[in-house]
Amino acid sequence: MSLLVFQLAFCTLLIASAEAVTPTNLEMIARVTGVKPAGETMPNPNQTDTNYAITGTDLGIVWDKGGGQYFVLFGDTNGHGPNDWRSNTLAISSDTNLADGLSFDTMIQDTPGHAKEILPSKKINFDEITVIPTAGVTVGNRHYIHYMSVNNWGPAGVWSTNYSGIAYSDNNGATWTKHPTARWYNNTTNWDNKFQMAAFVKDGGFVYMYATPNGRFGDVYLARVPENSLLDINAYRYWDGNGWSASQAGADAVANGVAGEVSVAYNSHFNRYIMTYLNEHRQSIVMRDAPTPVGPWSGEKILVPGDFTGLGQYNAFMHPLSNNGSTLYFIMSTWYPDYNTHLMKATLTADMLGSNIVTDPGFETQTATPVMAPWHVDGEGGIDRNLGHARTGEDNGYVRNGSGWNSIKQRVVVQPNTNYTLKGWVKTSSNNTTGFFGARVPNNGAVISEVPFASLPNYTELTVQFNSGNNNFVELFTGMWADGDTWVQVDDVSLVKEANLVGHAGFESQPSSTVSSPWYLNGNGGIDRNLGFAHTGANNAFARYDSGWNAVKQEIFVEKNTSYTLSAWIRTSSNNADGYFGARLMNGGAILNETSFASVPGYTKHTVTFNSGGASSVEIFAGMWADNGDTWIQADDFTVTKN
C-alpha cells in the first residue's frame, strides 16, 4: 500500500485537519551557485564562478527585502584559490518565475566580479573560525541578519559557537553592522545556549525567532520581539510552554529535534505555519506544520529523503514566493556532486495528519536498520517491513523477547498542564499477560498514564487520556514484560492535543494566589485557591477593586481567518453593573466580540463567537469597571474551541 493510501486510511484515527500538508513530487530545478559539471543538464542562471568568484557555497537563506526584491544569503564561500575564502556572501534577486531557476540581479561586491564578505570573521580556530548567517528579515527600510560566531568545527553536524547576534544594514545591504548588545552568549563549558541558530517569521507586529543550539542535534525553541525592537535584547520574550517569559532559561521547546538549519514560514494558502530542517538521525530533510506560531507542530514528514542526491544534502530555506500557494520552492545545500546550492520544488498536498504530534505514526518511513529515529527500543524489537503484519500500510513496530521489559517508544513535545489523547493499535502473542501502552516522563521516567493489556489476538485500539502536568516532553511507549517468547506489534499511533485552546482553563495549575502565566491582569485580581468559590475543581480567578478596569486575561494562539467560540462561567458582586467578557486583538486592539453583564449572583455561563481575522493570536478577557465601590467578579472553566 502506498504511503498516500496509508495516510487516507489512517485519517479515521485522528481529528481531521484538512489544512495540514504533506510534501510530494520533489524535484531539483536548477543550480543557484557554482560551476556546472560536465553532463549536468539543469539551468545555471547565475554562473557564480565567473560572475562573482564563487565556486562553492551553502545555505541560501531567502527573505523579502521590499521593493519587489529578495535577499539570498550564503554561508562559507570558496573562490578561486585557497586565499579566497569568505565567511558569507549576499545576493539580490527580483526573479518571480522560479519554474526555470532562481536568477540574481547582482551580488554585494567588494570589487567588480567578486562577491563581498558582508560579515567579517577572525578565521582563527578555537577563537572565531567563521561567522555564519542563519536568518534574515526586513522591517521598514532596515534589514537584519541573525548570525552565529563559530568557535570551532567538531565532528559532522557538531560545532561550537561563541554567541549568536543580530547585524543590520541601512543601505540596501551594502554594509552591515554587528550590534554590540543584541547577542545571545553561549555557555563555553557546555555549549548549550538554546538560541544560537535561528529562523525569522514576521507576524502581527512581532518577529518570531525559532532557534536551536549550535550544531544539528538540538530541539527547536521560540522567542519573539516587537518588530521595531529587534536590536533590544531585553525586549525578547521566550516561549515557556504556556506563555512568554523574560528568561532565556525558561524557554521550552516547541518541536523536538534533532534539528539543524531551521526555516519557518506562514503559508496563507493552507493557513499553516511550515517548518523545515535537517534531521541527522533520520538522514533526511523534514517538514512539520502547525496551525499557529507556537504549535502544536505535527510529526515530521520527509521533504528530502536521505538518498536523494546520494550524499550530504542539508537545509531547505523556503522562498517567500511559496507562501501563498501549494508549490514549495526552497534552496538546498549539497556536498554531492559538489559543495553548492540548488533550487528545489515540492508540491504541498492536504493531509489528515496535522493534528497528530507523532512522527512516523505508521512506521512507513523506516527503511534501514532494525529501528530508526524517531522510534527507539528498550530490550529487543524493531520494524516488521512489508511482512504482512501491519494494520495499515506496509510496516509496523514490534518488540519480542523471552524475558524482561521490552518497549518501542518516541519522545514528543507537549504543552504543560494540557490534556492529550493517545491512541494506538496493538496485537500480541497468545502468552502475553503484562503489556502497557501509555505516556511517561522521557528516559523511562515516571509513568504519567497507561493502560494495561494482555493477550490481543487481533489489532485492538487502545486509548490513554492524560494531562501533561509540568512536563514539556513526554515519552510514548508500547511494551510488555516477557515471560517466555512473547511479542507485541503496534501500528497507527496518534497523539492529539485537546480542542480547548485556553491554558490553565480552570486555574487548577496556577501555583499561588497571584495570577501567573499564561494568565495576566488589568488592575487588581488573583486566584482563589481552595476557598470554595470555584465553579468546578478547587480554584478560580477573580478581579476586585473599587475603581477602574479590572480583568483577567490570556493571549491564545489561533488560526487566521477562523471562527471560534469562547465561553466561561462568571459570577459577580451584587453591585457590579458594567462587566464585559470577550476577545480582542492584542495590545489593546479592536474588540472582536464581547458580551456585557451586570449583577450575576450565581455562576452563569457566558458565550461569544468571534473570527480571528488576520491575527495569529488574540486576547480573551473577563472584567468589569468598578464604578460603585468595592466590586468583584469570579471566573472559571474557560474554553475556546474552533467552530
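Residues numbered from 1 in each chain as written. Predicted model: local features only at pLDDT ≥ 70, side-chain atom pairs only at ≥ 80, totals over all residues. Heavy atoms only, no water.

1. Details of the overall build of the chain
Alright, step 1. Regarding its fold elements, the chain presents two helices and 43 strands.
Alright, step 2. Taking 643 residues into account, the globule formula puts the C-alpha radius of gyration at 26 Å, and the chain, at 26 Å, falls close to it.
Alright, step 3. Oriented by its inertia axes, the alpha-carbon framework of the chain measures out at about 80 × 70 × 45 Å.
Alright, step 4. Out of the 643 residues in the chain, the part that is buried amounts to 58%.
Alright, step 5. For the chain, the share of sequence-separated contacts (at least 6 apart) that also reach a separation of at least 24 residues comes to 63%.
Alright, step 6. Total accessible area on the chain stands at roughly 23400 Å², and carbon and sulfur atoms take up 50% of it.
Alright, step 7. When the 37 positive and 57 negative side-chain charges of the chain are each reduced to one mean point, those points stand 2 Å apart. (Helix = DSSP H or I, 4+ residues; strand = E, 2+ residues; numbered from the N terminus. Rg over C-alpha atoms; globule rule 2.2 N^0.38 Å. Buried < 20%, exposed > 50% of the residue type's maximum accessible area, 1.4 Å probe, protein only. Contact = heavy atoms within 4.5 Å. Areas by Shrake-Rupley, 256 points an atom, 1.4 Å probe, with all protein chains shown as cover. Lys, Arg positive; Asp, Glu negative; His and termini not counted. Charge placed at Lys NZ, Arg CZ, Asp CG, Glu CD.)

2. What about the packing of aromatic side chains?
Aromatic rings in a pair are described by how distant their centres are and how their planes are angled relative to each other.
Alright, step 1. As enumerated under the stated definition, the model contains 31 aromatic pairs in all.
Alright, step 2. Taking 4.9 Å as the distance between ring centres and 65° as the angle between the ring planes, the aromatic pair formed by Phe195 and Tyr238 counts as edge-to-face. One end of the pair, Phe195, is in the loop between β13 (177-185) and β14 (197-203); the other, Tyr238, is in strand β17 (residues 237-239), and 43 residues separate them in sequence. Like Phe195, the residue Tyr238 is buried in the burial classification.
Alright, step 3. Taken together, a centroid distance of 5.8 Å and an interplanar angle of 20° make the contact between Tyr420 and Phe466 stacked. Of this pair, Tyr420 sits in strand β29 (residues 419-428) while Phe466 sits in strand β32 (residues 460-467), placing them 46 residues apart in sequence. Like Phe466, Tyr420 is buried.
Alright, step 4. Taken together, Phe206, Tyr208, Trp239, Trp244 and Phe557 form an aromatic cluster joined through their ring pairs. (Phe/Tyr/Trp six-rings, centres within 6.5 Å; stacked < 30°, edge-to-face > 60°.)

3. Quick look at the side chain of Thr478
Alright, step 1. Looking at the secondary structure, you find Thr478 in strand β33 (residues 473-497).
Alright, step 2. Thr478 has contacts with Asn406, Ser407, Ile408, Val426, Phe436, Phe437, Phe453, Val488 and Val490, leaving out every residue within four places of it along the chain.

4. So, the nonpolar core
Here is a general trend for soluble globular proteins: nonpolar side chains tend to be buried in one another's company.
Alright, step 1. Counting 31 residues, the largest nonpolar core has Leu566, Phe581, Ile620, Ala622, Phe638 and Val640 as the members making the most contacts within it.
Alright, step 2. Residues within four places of Val640 in sequence aside, it is in contact with Ala499, Asn500, Leu501, Val502, Ile556, Tyr564, Thr565, Leu566, Phe610 and Ile620.
Alright, step 3. Membership of the second largest hydrophobic core comes to 27 residues, among which are Ile383, Ala439, Val464 and Val493. (Core = buried A, V, L, I, M, F, W, Y, C linked by side-chain atoms within 4.5 Å.)

5. Re the environment of Tyr564
Alright, step 1. In this fold, Tyr564 is placed in strand β38 (residues 563-572).
Alright, step 2. Residue Tyr564 is classed as buried on the basis of its relative accessible area of 2%.
Alright, step 3. Between the alpha carbons of Tyr564 and Asn643 there is a distance of 5.1 Å; along the sequence they are 79 residues apart.
Alright, step 4. Ignoring sequence-local partners within four residues, the contact set of Tyr564 consists of Leu501, Val558, Glu559, Val608, Thr609, Phe610, Ser612, Val640, Thr641, Lys642 and Asn643.
Alright, step 5. Within the structure, the side chain of Tyr564 is placed 2.7 Å from the backbone nitrogen of Glu559, a separation counted as a polar contact. (Polar contact = N/O pair within 3.5 Å; in protein donor to acceptor, adjacent residues only side chain to side chain.)

6. Structural notes on the sheet that holds β38
Alright, step 1. Here five strands make up an open sheet; going across it, the order is β35-β36-β43-β38-β41 and the pairing antiparallel. Taken across any chain shown, the strands that pair with only one partner, and hence form the sheet edges, are β35 (525-529) and β41 (604-611). The mean inter-strand angle of the sheet, taken between neighbouring strand axes irrespective of direction, is 35°. (Pairing = 2+ DSSP bridges. Axes fitted to C-alpha atoms, helices over the stretch in contact; angles between N-to-C directions.)

7. Description of the sheet that holds strand β6 (residues 89-93)
Alright, step 1. Read across the sheet, four strands follow the order β2-β3-β6-β7 without closing on themselves; strand pairing throughout is antiparallel. Because the sheet does not close on itself, it has two edges, and the strands there are β2 (59-66) and β7 (106-107).
Alright, step 2. Here five bridges tie strand β3 (residues 69-74) to β6, and the two strands are oriented antiparallel to one another. Counted as the bridge partner of Leu73 is Leu90 from β6.

8. With respect to the pattern of salt bridges
Alright, step 1. Counted under the stated rule, the structure contains 24 salt bridges.
Alright, step 2. Between Glu27 and Lys345 there is a salt bridge, with the nearest N and O atoms lying 3.6 Å from each other. With a gap of 318 residues between them, Glu27 in strand β1 (residues 21-31) and Lys345 in strand β25 (residues 340-350) connect regions that are remote in the sequence.
Alright, step 3. By relative accessible area, Glu27 is classed as partly exposed at 35%.
Alright, step 4. Note that Lys560 and Asp203 form a salt bridge whose closest N and O atoms lie 3.2 Å from each other. One end of the pair, Lys560, is in the loop between β37 (549-557) and β38; the other, Asp203, is in strand β14, with 357 residues separating them in the sequence.
Alright, step 5. Judged by its relative accessible area of 13%, Lys560 is buried. (Salt bridge = Lys/Arg side-chain N within 4 Å of Asp/Glu carboxyl O.)

9. Side note on the side chain of Asn432
Alright, step 1. Inspection of the secondary structure assignment puts Asn432 in the loop between β29 and β30 (435-440).
Alright, step 2. Polar side-chain contacts of Asn432 include one of 2.8 Å to the backbone oxygen of Ala454.
Alright, step 3. Beyond its immediate sequence surroundings of up to four residues, Asn432 is in contact with Phe453, Ala454, Ser455, Met480, Thr486 and Val488.

10. Overview of the pairing of β29
Alright, step 1. Counting buried residues along β29, seven of its 10 residues qualify, which places the element largely inside the surrounding structure.
Alright, step 2. Across eight bridges, β29 lies against β32 in antiparallel orientation. Paired with Val426 across the two strands is Thr460, which belongs to β32.

11. Some thoughts on the environment of Asp492
Alright, step 1. For Asp492, the position within the fold is in strand β33.
Alright, step 2. For the pair Asp492 and Asn396, spaced 96 residues apart in sequence, the C-alpha separation works out to 8.1 Å.
Alright, step 3. Of note is the side chain of Asp492, whose polar atom sits 2.9 Å from the side chain of Thr392.

12. Focus: unusual backbone geometry
Alright, step 1. Of the consecutive residues Gly295 and Pro296, the connecting peptide bond is found in the cis state with omega at 0°.
Alright, step 2. Secondary-structure assignment places Pro296 in the loop between β21 (284-290) and β22 (301-304).
Alright, step 3. Of note, the amide linkage connecting Ala373 to Pro374 takes the cis form, showing an omega dihedral of 10°.
Alright, step 4. Summarising the element assignment, Pro374 is placed in the loop between β25 and β26 (376-378).
Alright, step 5. Even without glycine at this site, Phe126 takes up a positive phi of about 60°.
Alright, step 6. Along the chain, Phe126 turns up in the loop between β9 (114-115) and β10 (130-139).

13. Some words on the environment of Glu508
Alright, step 1. By the element assignment, Glu508 lies in the loop between β33 and β34 (519-522).
Alright, step 2. Sequence-wise, Glu508 and Asn467 are 41 residues apart; in three dimensions their C-alpha atoms are separated by 12 Å.
Alright, step 3. Those residues in contact with Glu508, other than ones at most four positions away along the chain, are Thr536, Gly537, Ala538 and Asn539.
Alright, step 4. Among the polar contacts listed, one links the side chain of Glu508 to the backbone nitrogen of Ala538, at a separation of 2.9 Å.

14. A closer look at the confidence of the model for the chain
Alright, step 1. On average, residues of the chain score 94 in pLDDT, and 97% of them reach the 70 mark or higher.
Alright, step 2. The low-confidence segment residues 1-18, where pLDDT is below 50, has 42 contacts with residues more than four positions distant or belonging to other chains. (pLDDT = per-residue confidence, 0-100.)

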